[in-house]
Structure formats: structure tokens, C-alpha cells
Amino acid sequence: MKAIDRSVFYDSDTPLGDVVLSSRVRLARNITGYPFVNRAAPDQLLEVMHRVQSSQLGSVFEHGTRWVNLQSSDVSDRGMLFERNLISKPFSEGTHPRCVALSADGCASIMVNEEDHLRAQIYAGGFKLYALVESMTQLDRSLERSLEFAFHPRFGYLTACPTNLGTGIRMSVMLHLPALRILDELEKMRRAAKELKLAVRGLHGEGSDAHAELFQISNQITLGRSEEDLLEEFAGVIVPRFVEYERQARQRMLETDALETTDRAHRALGVLRSARILTLEAAFKYLSRLRVGVALGIIDSVAMSTVNRLLLEVQPAHLARIRSIPASAADDDRAARATHVRATLDA
Amino acid sequence: MTRLCDHCDQPATVHETVIKTGVAHEVHLCADHARAHGYVLPATTGAAVSITQILQAAQQSQPRAPERTIRTCPSCGMTIANLQAVGLLGCPDCYKVFEELLSGVIQRAQDGASIHVGRHPAQAATLIDRAALRNRLAKELREAVSSEEYERAARLRDRLSSLGTAGDDDLGATLDTPTLP
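Note that this is a predicted model, so its numbers are computed, not measured.

Here is what the cut-offs are and how they apply
- Residues numbered from 1 in each chain as written.
- Chains lettered and ligands numbered in written order.
- Predicted model: local features only at pLDDT ≥ 70, side-chain atom pairs only at ≥ 80, totals over all residues.
- Heavy atoms only, no water.
- Helix = DSSP H or I, 4+ residues; strand = E, 2+ residues; numbered from the N terminus.
- Rg over C-alpha atoms; globule rule 2.2 N^0.38 Å.
- Buried < 20%, exposed > 50% of the residue type's maximum accessible area, 1.4 Å probe, protein only.
- Contact = heavy atoms within 4.5 Å.
- Areas by Shrake-Rupley, 256 points an atom, 1.4 Å probe, with all protein chains shown as cover.
- Lys, Arg positive; Asp, Glu negative; His and termini not counted.
- Charge placed at Lys NZ, Arg CZ, Asp CG, Glu CD.
- 1 Å grid on protein atoms, 1.4 Å probe; cavity = no way out; pocket = protein on both sides within 12 Å on 5 of 7 lines; lining within 4 Å.
- Points joined across faces, edges and corners; volume = space filled by probe spheres on them.
- Nonpolar A, V, L, I, M, F, W, Y, C, P; charged D, E, K, R; others polar.
- Phe/Tyr/Trp six-rings, centres within 6.5 Å; stacked < 30°, edge-to-face > 60°.
- Lys NZ or Arg CZ within 6 Å of the ring centre and 35° of its normal.
- Domains from an automatic or database assignment.
- Salt bridge = Lys/Arg side-chain N within 4 Å of Asp/Glu carboxyl O.
- Polar contact = N/O pair within 3.5 Å; in protein donor to acceptor, adjacent residues only side chain to side chain.
- pLDDT = per-residue confidence, 0-100.
- Core = buried A, V, L, I, M, F, W, Y, C linked by side-chain atoms within 4.5 Å.

**Thoughts on the overall build of chain A**
Logical step 1: For chain A, the helix and strand inventory stands at 13 helices and 10 strands.
Logical step 2: For a compact globule of 347 residues, the expected C-alpha radius of gyration is about 20 Å, and chain A comes in at 20 Å, within 12% of that figure.
Logical step 3: Projected onto the principal axes, the alpha-carbon positions of chain A cover approximately 65 × 45 × 30 Å.
Logical step 4: Burial statistics for chain A: of 347 residues in total, 61% are counted as buried.
Logical step 5: Partitioning the intrachain contacts of chain A with sequence separation of at least 6 by distance along the chain shows that 71% fall at a separation of at least 24.
Logical step 6: Carbon and sulfur atoms provide 49% of the accessible area of chain A, an area that totals close to 13200 Å².
Logical step 7: Of the side chains in chain A, 43 bear a positive and 44 a negative charge, and the two mean positions are spaced by 2 Å.

**Brief notes about the layout of surface pockets**
Logical step 1: Considering only enclosed or pocket space, the second largest pocket measures out at about 460 Å³ in volume.
Logical step 2: In terms of lining residues, the second largest pocket is bounded by 28 residues, among which Lys197, Ile221, Arg225 and Glu233 of chain A together with Asp111 of chain B are the most central.
Logical step 3: A breakdown of the residues in the lining of the second largest pocket according to their chemical character gives 11 nonpolar, 6 polar and 11 charged.

**Overview of the packing of aromatic side chains**
Logical step 1: In this structure the tally under the stated criterion is 5 aromatic pairs over all chains.
Logical step 2: For the pair phenylalanine 151 of chain A and tyrosine 157 of chain A, a centre-to-centre distance of 5.1 Å together with 75° between the ring planes defines the contact as edge-to-face. As far as the burial class goes, phenylalanine 151 of chain A and tyrosine 157 of chain A line up, both buried.
Logical step 3: Between phenylalanine 155 of chain A and tyrosine 95 of chain B the ring centres are 6.0 Å apart and the planes differ by 55°, which places this aromatic pair in the tilted class. Here phenylalanine 155 of chain A, found in the loop between β6 (151-152) and β7 (156-157), pairs with tyrosine 95 of chain B, found in helix α4 (residues 94-97), and the two come from separate chains. Each member of the pair, phenylalanine 155 of chain A as well as tyrosine 95 of chain B, is classed as buried.
Logical step 4: The structure contains a cluster of three or more aromatic residues connected by ring pairs, namely Phe36 and Phe155 of chain A together with Tyr95 of chain B.
Logical step 5: Above the plane of the ring of tyrosine 157 of chain A lies arginine 29 of chain A, whose end atom (NZ or CZ) is 3.4 Å from the centre.
Logical step 6: Over the ring of phenylalanine 82 of chain A we find lysine 89 of chain A; its NZ or CZ atom is 4.9 Å from the centre of that ring.

**As for the domain arrangement of chain A**
All names here are of chain A.
Logical step 1: Its domain assignment divides chain A into domain 1 (6-248) and domain 2 (258-346).
Logical step 2: Placing a centre on the C-alpha atoms of domain 1 and another on those of domain 2 gives a separation of 26 Å.
Logical step 3: Across the boundary between the two partners, domain 1 contributes 23 residues, which contact 20 residues of domain 2.
Logical step 4: At the junction of domain 1 and domain 2, the tally comes to 0 salt bridges.
Logical step 5: Counting across the interface, domain 1 meets domain 2 through 7 residue pairs in polar contact (both at pLDDT 80 or more).
Logical step 6: Residue assignment for the side of domain 1 that touches domain 2 shows that the elements contributing at least two residues are α1 (7-10), β1 (20-29), α3 (75-83) and α6 (178-182).

**Notes on the side chain of histidine 116 of chain B**
Logical step 1: Residue placement: histidine 116 of chain B occurs in the loop between α5 (99-109) and α6 (130-146).
Logical step 2: At 3.5 Å, the side chain of histidine 116 of chain B and the backbone oxygen of glycine 118 of chain B are in polar contact.
Logical step 3: Every residue in contact with histidine 116 of chain B, bar those within four places of it in the chain, is listed here: Phe151, Arg154, Phe155, Gly156, Gly166, Thr167, Leu223, Gly224 and Glu227 of chain A together with Leu133 of chain B.

**Some remarks on the confidence of the model for chain A**
Residue and element names in this part refer to chain A.
Logical step 1: Mean pLDDT over chain A works out to 88, with 93% of the residues at or above the 70 mark.
Logical step 2: Of all helices and strands in chain A, the one with the weakest mean pLDDT is α1 (56), whereas helix α9 (residues 258-274) scores best (96).
Logical step 3: Across residues 1-5 the pLDDT falls below 50, and counting only partners more than four positions away or on other chains, this stretch makes 16 contacts in the model.

**Things to note about empty space enclosed by the protein**
All names here are of chain A.
Logical step 1: Considering all chains together, one arrives at 4 cavities of 30 Å³ or more under this definition.
Logical step 2: Taken as a whole, the second largest cavity spans an internal volume of roughly 50 Å³.
Logical step 3: Those elements that provide at least two residues to the lining of the second largest cavity are β1 and β8 (169-176).
Logical step 4: Looking at side-chain class alone, the lining of the second largest cavity contains 3 nonpolar, 5 polar and 1 charged residues.

**Here's the deal with the nonpolar core**
All names here are of chain A.
Logical step 1: Residues Ile110, Leu129, Met171, Val173, Ile217, Phe234 and Val239 are the most contacted members of the largest nonpolar core, which totals 57 residues.
Logical step 2: Per-element accounting of this core gives the leading share, 10 residues, to helix α8 (residues 227-256).
Logical step 3: Apart from the residues lying within four places of it in its own chain, the contact partners of valine 239 are Leu16, Val20, Phe127, Leu129, Val173 and Phe234.

**A look at the side chain of serine 109 of chain A**
Logical step 1: Within the secondary structure, serine 109 of chain A sits in strand β4 (residues 108-112).
Logical step 2: Given the relative accessible area of 0%, serine 109 of chain A is considered buried.

If you want it as C-alpha cells, here you go:
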């Protein structure tokens, strides 16, 4: 898989881009006539794969589709897909017949035989939920022309887990919340999210650590509301509200501790520009601080899109690909990471 | 980077930040130690809510089921015991076979919702229980109007009218669709 360097991935020139790093919409569907993945035999799973591979994917994939068979793909391909949140950890590490379709621009994927027969995902940098939902609707309609989806008049689109029933749509945004963490308000944020029926996860999904103060929030309810209502609530009300919490916290940080905040951002840039050793944790820490500096206008020599890009490129599989070496050899290559960051910031 | 369990050398899969008296400290546990410490793990990483927990609660709160309701899905062989263990349904038909047990589970997982009001596949148009859907939409419309969510009410109104009246004329008169101000 060639290193895809599309600016759409790192695009931050969207409203709310100072807090919203990226947006994602996911759709879950199953085909009638087959058991769900957890109960299907390998030959049934192969048939499902064949059916999906023969179907029309529509305009989201119009510039080309690459199919990756997870049973035979190498570790580095899987690693990059995982780091871009295009495949999940269980999918990456599973052993049953499964594959993934990737769009040419690397922003859309359809996992076949993850928890459901189909898990389609479309991703964009910045805050782009409305456009993503529209693209997903087109993809759904397109797939439906060649596949018959399991549907129940009362429960809607059927999924292996009842938490995905009904619309089968999950929207999420990756939020950068450093001020909320510094002001110790993350607990408040989690409680608010819980009350609003949102799931809060770290950078790489369920159970992951909160690297770089990045948090994914997504809707938990998929049934009983129309797709438009879910979108309007999440994108129109909830996300702006969380962005506001963080923005206000950042302002408070600036007001009460202007010197400290400024120093922290510049110091981070200093380390990133000169360190010869950078662990992943350290890279995340300093990139997060740099990002606040850029967002607040404290640092103007670095573009937001550069920071967003580095947040991805410091991760093991991406780093290995940039250096053209196998992912396993780059597991903790602190020197290479530091070199790449310096080179990127100097450019 | 793989964090190891706080108590052994296995990779940690449960991570929690515990805040006590303003001090945050992190807990990292493998699946076994997590269970030993009383964490209830989701049956699948895809579920934010533990279906297994909900099912167990549903089973416990129901009166002892008579023999005849213990069922196996004829299409995939899934039983209620399997369902509780795995937290996932076995096939689309399971939803029909276990409908009563599931509607409670679904309501709890979906914040009280139990009826789909969104999009449906073109082929399934005839399956939709139009009357039930229209009643449901009308109820939501009334709620939206009374809580002054006029944009949402307008969308519901559009959906109601798009459901059409062809073949349902006898139902039209029985529905009380409120008008928007």
C-alpha cells in the first residue's frame, strides 16, 4: 500500500477545525440468507465476501477500489489501515475469512466480515459530518442494488449486536481536548457525554489510552430516530457544544496562565524541532501542545495541517512506510521518529 | 506500544483512569485480572454497552420461563444461553425467534427506542407496517411540536407525507396529525 498523501486526510480548514481533528461515519449492514459473522461457517463467510466484491460500490469508490484480503495481507498494510482508523483491532488480528475494500483516496473502506457482514466507513479531516452522511447514503443505496440487506419492519436494519440496530449509522468525531484535561474537566466531559448517550473513546477506539488528548465521541443510539434527526442532533448540536467547552477552557487557560500556556507551546515546538530521540508517547505529548499553540495563534510558523499529518505519521506503521522498512523493525524507532518530525517541521 | 497488566506480564486490555481526591492514576489490566477486579467486560469490542449484562438482567427480572418458550433459532441454532454468553445474535431470523426477550434488551440498549423510523431498503417497502410507522411518526410530531422543536417537527411532517396515502386511505381518517404553527 503506497503511502497516501492526500491533503483531505489532514484538512483542518473547516469550521471547528481547531478542536475537531477528523470526522467519521460508519454503517453496519448484513446480507439476508447468511448467519451473522460470529455464527457463520468459513465457506459462508467466503460467499459473503464474494457477493460484496461483485457488487457495485458507487461514487464513493469511483476513482478506484483496492481489495485487501486480511488473511493474506502483510503486517504493515494492516498496521497502516488500523492507524488510519479504517479497520478495527479485532479485524486486523482476526483469523477468519475477511477482506476490506479501500477507496483510491484512502478515505473510505468497507470491512467485510468484521462483526457484521459489511461495515462501511468514510473518513474526512476536520468537521465534515453532513457531507460524510450524504456520501454514506449514496453508498448504501448503491450497495442495495446488488445486495439484499437483512431488515426487520420493527427493528430496522439488522445487526449482530442490538446496539447497532435500526439505522446502523454511527457518527464520530475526533476531538482534541487538551484544555479540558489541563483544567481537570475531562470527568465532567465524560459525564455530559454519558447523559447525552455518547460513547467516548481514546484515539484507537474502545479501551484505548487517551493519546495526545484526542478523544473520539460518537452516538450510541441508532434506533428510534431517523438518519436526519440523528445527524442534526449530533452534528448540529452535540459536537458544536463540545467544541465550545474546549474553546472556553482554552480561553480560560490563556486568561489565567497566558505565560505558561505560551511557554508550553513554544517549548513543545522546540523539542520537536531539535530532539534526536522521540518515543511515540513523547511525540503525541508535544504534538498535542504544539497543536494548541497553533490553534490559539501562539505559534504561526507551523500549519495546522502539518500538525495533523504528523499525528498520523509518528505512529509505527506509518513511520515504517515513510522509511520504507518493515513495520516490525520499526516498532520503537525513536531516532527515526525524531528525524522525520524535524524534517517535516523544517520543510 | 503495548501496556502490560499491572499484576502480571500479559498485555493489558482494560485501561481506566481513576481520579481520587483530584489525583489521577491509571489502571491497566489483562482480561483475567480485570474480571478478578470486578470489571465486566463487553462481549465484543464493538459494543459500547454490554449486551451480556443487559441480557442477564433481563433474564433475572423475568419470571421463570415455562419449558415451551426455551427456543432455538431454526436457521442458525442460536439459543438464549448462547446469546447471553456471546452478546451477539446468530442470524437475522434470531430477531423474530427471540422477539419478546429482545425488545426489552433493545429498549435498554437504545435508550427506550424500539421501533425503527429511519430509511428502509427499497425492496422492503411492502414489509413496513405503514400504519404503525405513521402512528409512531405522528406521536413524535406531536412531541416535537409541544417541545417547540419546529425544525424536527417539519422533518417528521415531511416523512409522514412521503409515506403516502395510496392504499391507506382508511387509516388517514384515524390519525390525528397536528398542524404546525
